[in-house]
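Fold and contact review
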Amino acid sequence: MNNSRDQNISPNPAADPTRQWHDEPGETESWFNAYCIVTHLPPQDLRLVETLVADGEHSVGEEVAETMKKCNTWARALGHIPPIVVSGEHWVFAPGARELFRRAIAERNRQRAKRAE
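Starting afresh in each chain, residues are numbered from 1 along the sequence in its written order. Residues qualify for local features only when their pLDDT is at least 70, as the model is predicted, and side-chain atom pairs are given and counted only at 80 or more; totals for whole chains, interfaces and linings, by contrast, use all residues. Values reported for side chains reflect all heavy atoms of the structure, with hydrogen atoms and water molecules removed beforehand.

**Here's the deal with the sheet that holds strand β2 (residues 84–87)**
Convention followed: Strands pair, by our definition, only if DSSP identifies at least two bridges between them. We count a stretch as a helix when DSSP gives it H or I for four or more residues in a row; a strand needs E for two or more, and each element gets its number in order from the N terminus. Any pair of residues with heavy atoms lying within 4.5 Å of one another is described as a contacting pair. In this analysis, axes come from line fits to C-alpha atoms, helices being fitted only over the stretch in contact, and the angle between any two N-to-C directions falls in the range 0 to 180 degrees.
Across the sheet, 3 strands lie side by side as β1-β3-β2; this open sheet has antiparallel pairing. A strand with exactly one partner marks an edge of an open sheet, and here the two such strands are β1 (58–59) and β2. Bridge count for β2 against strand β3 (residues 90–93) is 4 bridges, and the pairing is antiparallel. For Ser-87, the partnering residue across the bridge sits in β3 and is His-90. Across the sheet, helix α3 (residues 43–55) lies against β1, β2 and β3, angled at about 75° from β3, the strand it touches most.

What follows is the structure, given as structure tokens:
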């Protein structure tokens, strides 16, 4: 049975992860989702993502593959395309994602330092 209430339920974004990463004034969803991802990374995984943010690319290898897959799986669960992709022999950020992850990591570090005070 279909009623008007059922029509107002939005579909699960994880079922079709097509959201692009947007770093635009006033757009907060992409930044918040990047922040959610980085705050859930263990320290060794966060260091790899920080290196990728700083360098713009990271050599493809088994030691980093699990971290990148983890980030991409969480992004898809939030309805986004993977933020980290393979380009040739390197991991790189998808368009729009690098700056969002840089800001998310900076905010995570700021909040951790504030809690440590």
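Having put the structure on the table, let's press on.
**As for the pairing of β3**
In terms of strand pairing, β1 meets β3 through 2 bridges, oriented antiparallel. Counterpart to His-58 in the pairing with β3 is Trp-91. Two successive antiparallel strands, β2 and β3, enclose a turn made up of 2 residues, where Gly-88 displays a positive phi of approximately 65°.

**A look at the pattern of salt bridges**
As a reminder of what qualifies: A pair is scored as a salt bridge if a Lys or Arg side-chain nitrogen falls within 4 Å of a carboxyl oxygen belonging to Asp or Glu. Only protein chains enter the accessibility calculation, which uses a 1.4 Å probe. A residue is then buried if its area is under 20% of the maximum for its type, exposed if over 50%, and partly exposed in between.
Enumeration over the complete set of coordinates arrives at 6 salt bridges. Residues Asp-23 and Arg-103 are paired through a salt bridge, measuring 2.4 Å at the closest nitrogen-oxygen approach. In this pair, Asp-23 sits in the loop between α1 (4–7) and α2 (29–39) while Arg-103 sits in helix α5 (residues 97–116), placing the two residues 80 residues apart along the sequence. For Asp-23, a relative accessible area of 35% gives the class partly exposed. With its nearest N and O atoms 3.9 Å apart, the salt bridge here joins Glu-66 to Lys-69. Here Glu-66 pairs with Lys-69, and both are found in helix α4 (residues 62–77), just 3 residues apart, close to one helical turn.

**Thoughts on the environment of Phe-32**
Within the secondary structure, Phe-32 is located in helix α2. Separated by 68 residues in sequence, Phe-32 and Leu-100 place their C-alpha atoms 8.8 Å apart.

**Describing the side chain of Ser-30**
Heads up, the rule is: In protein, a polar contact means a hydrogen-donor-capable atom and an acceptor-capable atom, both N or O and within 3.5 Å, with residues adjacent in sequence counting only if both atoms are side-chain atoms; elsewhere, any N or O pair within 3.5 Å suffices.
Among the structural elements, Ser-30 can be located in helix α2. Among the polar contacts listed, one links the side chain of Ser-30 to the backbone nitrogen of His-22, at a separation of 3.2 Å. Among residues more than four places away in sequence, those in contact with Ser-30 are Gln-20, Trp-21, His-22, His-80 and Leu-100.

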